[in-house]
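Summary of structural features
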Amino acid sequence: MSLSSPRLAATLLVAFVPLATTPLVIIDQLWLGSSMFGAGLGSDRLFAGLGVAVFIGIVVPILALAVAPAVWRGARRSAAVAVGLVAVMALLSAGPLHDLSPTSWLPGGRLVLLAWALLAASSLLLAARRPGIGGRGPARGVGLAGAALAAVFVAGTVAAASSDRIPMSPSSLLVAEFRGGDRLTAAPLEAEPVTGHAGLAPGQGSNIHNDAAMSDTYTDREVIDPRTAESRSFLAPGDCASILFDERGHLIAVCVGGTKIVAHVLDPATLEPLAELELGQRTLGADFLTNFAGGGYAVLDGKGRLVLGTAEGTIERFAIEDGEDGVGIVPLESFDVSAALGDGEPITSTLPDAGGALWFVGADGTVGVLDPKSGKARSTNFEGTDIENSFALAPRGGAFVVTSAQLLRLRIDRRGGPAVVWSQSYDRGERLKPGQTSRASGTTPTVMLGGRYVAIADNAEPRMNVLVYDARAGRVAGRLVCEIPVFGPGESATENSLIAAGPALFVENNYGYKLFNVLGGHSAGPGAARVDLDPDGGGCTQAWLNDEVRIPSVVSKVSAADGTMLTYTKPELPSGIDAFYFTALDAGTGEVLWERLGGTGSLANNHYAALYVGPDGSLYVGTVGGVIALT
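Parameters at a glance
Residues numbered from 1 in each chain as written. Predicted model: local features only at pLDDT ≥ 70, side-chain atom pairs only at ≥ 80, totals over all residues. Heavy atoms only, no water. Helix = DSSP H or I, 4+ residues; strand = E, 2+ residues; numbered from the N terminus. Salt bridge = Lys/Arg side-chain N within 4 Å of Asp/Glu carboxyl O. Pairing = 2+ DSSP bridges. Axes fitted to C-alpha atoms, helices over the stretch in contact; angles between N-to-C directions. 1 Å grid on protein atoms, 1.4 Å probe; cavity = no way out; pocket = protein on both sides within 12 Å on 5 of 7 lines; lining within 4 Å. Points joined across faces, edges and corners; volume = space filled by probe spheres on them. Nonpolar A, V, L, I, M, F, W, Y, C, P; charged D, E, K, R; others polar. Phe/Tyr/Trp six-rings, centres within 6.5 Å; stacked < 30°, edge-to-face > 60°. Buried < 20%, exposed > 50% of the residue type's maximum accessible area, 1.4 Å probe, protein only. Lys NZ or Arg CZ within 6 Å of the ring centre and 35° of its normal. Contact = heavy atoms within 4.5 Å.

This part covers the environment of Phe582. Structurally, Phe582 can be placed in strand 30 (residues 579-586). Measuring from C-alpha to C-alpha, the distance between Phe582 and Arg596 comes to 5.2 Å, with 14 residues separating the pair along the chain.

See the structure below:
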């Protein structure tokens, strides 16, 4: 049989398809693609378009298989069509979708796939040019495949469009729902209750990091039994990073899509939608997957109002009201602070001060203060820096902000603007590491032990360091009191705030995370660790390291009452299944206590959004498809 034989060409074509994808991935992605399209209809055109792209990417190998029988029979037209399909598959597989390929688990797998594609395409091209072969081509096979694909697309679209639940991939039936022993909790942690802040809503549900100190620790609740909790979800195209809880028992989820920001009020027990309002627009840019400015951070202030900064340079306030017709989200005030920002600079985060002023930070290094009574805003720009994360409020006034160059302690001066009390440079590293959104610290500052210390992580090489500073004003000799490296050389990065419980700090490794890098069963690098500040504040030690657990990108939390670090993990599964788990670690030892399935498929990915514990102990996580909960 010569190289130009149609039978050899068809054989190479059929053999190439399972190298590019697998039956399990095909089923999952066809369903998720059509579901994303249905979910985006009428609510988010970008989401619907991404669904079509996912679906089409998987259609190509199916059509290649449909054409193969005609190639085998010697149909010249089929061989020509197959060349195009192989070329498209090769291009798709050379990009992010290579993670869906079985060869992605092999050393040099991308080269193997491209080499086979070249061989298959060359053989098909020779078969198409061979004299004496003809035939009607692929019409019948493609027609049957097209009809089947159309039926799947319609079914997935209708199912998603008629449901408020996040579509999960069919492979969820193949993974364990619960993993762990009988021990669900550990020894309680000695963590002082976080002092309330007049600028924020009381309790520990006012913002993405719980409180003004950005502690990410719960001291007033225990987590429900994950074995008996019911899994629920709410479909909302867009990354639902901020999930807030007000005093009347409402859950407010602020979801940021590629082009708009939408707030949803949900029943926390059932996730039934109670109200919805579009809060603002976002300009679709190349960085829309990693740019959290303009809605990624939202807070509830001391009067229970929803507050957030927008991409247009305004600060918006809304009321969550119970009326005769149900719950409503009512616009209250809009403050234009664009004159205090750089040209086109979006607001990354805003927080209300105890005195009524509104602090805000801009993505291009601006720190500002707004007086809501006068409407005047004053600011300082730290030239050449960016601010990708939120900031913390000091217990006795002022703020802690981390730019891509420095940690800053600021206060409000006599003119009503921000003034630097002290600043500390840190090692911002040599590169933008995979898993980060900026070449900088990926952490929001964390205030510890009643305001005595403040902690961040740097971006150093070969290992990232946990840094703790003396937070006092004035000249302090040796302000840096702790510097300790964590995780493996060349493989350490975090894009989430440190968790503070008393003198203990908890840090996760997000190295290697990207939205497309965790497809096809892949995950980010492993690692979670605990660092303890010495009693005299003279240094710190690493209490434990778990170098197996994989936490792609979630804002983890600690439950002091349960003695657990709560997180959202994704194990590496060569089967290609993308499974995300609510996970509890023993805060004293780092041992995994239990894992409960949150969801499967790309829509269960939290993509930098946070995990939360509700007032009754229920668990919630924001995802790119909405909200997933154990209630």
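Next comes the rest of the account.
In this structure the tally under the stated criterion is 17 salt bridges. Where Glu230 meets Arg232, a salt bridge forms, and the shortest distance between an N and an O atom there is 3.1 Å. By sharing partners, the salt bridges in this structure join Arg183, Asp586 and Glu591 into a single network.

The next subject is the sheet that holds strand 10 (residues 314-323). Taken together, 4 strands build an open sheet; the order of strands is 8-9-10-11 and the sheet is antiparallel. Each of the sheet's edge strands pairs with one partner strand only, and the pair in question is strand 8 (298-300) and strand 11 (326-336). When strand polarity is set aside, the average angle formed by the axes of neighbouring strands in this sheet is 25 degrees. For strand 10 and strand 11, the ladder comprises 10 bridges, and the chain directions are antiparallel. The partner of Phe318 across the bridge, within strand 11, is Pro331.

What follows deals with empty space enclosed by the protein. For the structure on display, the rule yields 4 cavities of 30 Å³ or more. Within this model, the largest cavity holds a volume of roughly 130 Å³. Residue lining of the largest cavity: Ala20, Thr21, Gln29, Val54, Gly57, Ile58, Pro61, Met89, Leu92, Ser93, Leu97 and Leu100, and that is the complete set. Of all elements in the fold, only helix 3 (45-72) and helix 4 (76-94) reach the threshold of two or more residues within the lining of the largest cavity. A total of 4 residues in the lining of the largest cavity trace back to one element, the largest contributor, which is helix 3. Its residues assigned to classes, the lining of the largest cavity comprises 8 nonpolar, 4 polar and no charged.

Here the focus is the packing of aromatic side chains. Counted under the stated rule, the structure contains 8 aromatic pairs. Consider the rings of Phe37 and Phe153, whose centres lie 5.1 Å apart with planes at 40 degrees: the pair is tilted. Taken together, the residues span a long stretch of sequence, with Phe37 in helix 2 (residues 23-40) and Phe153 in helix 6 (residues 139-161) at a distance of 116 residues. On the numbers, 5.3 Å between centres and 90 degrees between planes, the contact of Tyr513 with Tyr608 is edge-to-face. Of the two residues, Tyr513 is situated in the loop between strand 25 (504-508) and strand 26 (528-533) and Tyr608 in the loop between strand 31 (592-600) and strand 32 (611-613); the sequence distance between them amounts to 95 residues. We note that Tyr513, like Tyr608, is buried. The ring of Tyr581 is capped by Arg179, whose NZ or CZ atom sits 4.5 Å from the centre of that ring. Above the plane of the ring of Phe400 lies Arg409, whose end atom (NZ or CZ) is 5.1 Å from the centre.

Let us look at the environment of Phe47. Topologically, Phe47 is positioned in helix 3. On a C-alpha basis, the gap between Phe47 and Phe37 in space is 6.7 Å, while along the polypeptide they are 10 residues apart. Beyond its immediate stretch of four places on either side in the chain, Phe47 contacts Met36, Ala39, Gly40, Pro237, Leu603 and Val624.

These figures capture arrangement, not role.
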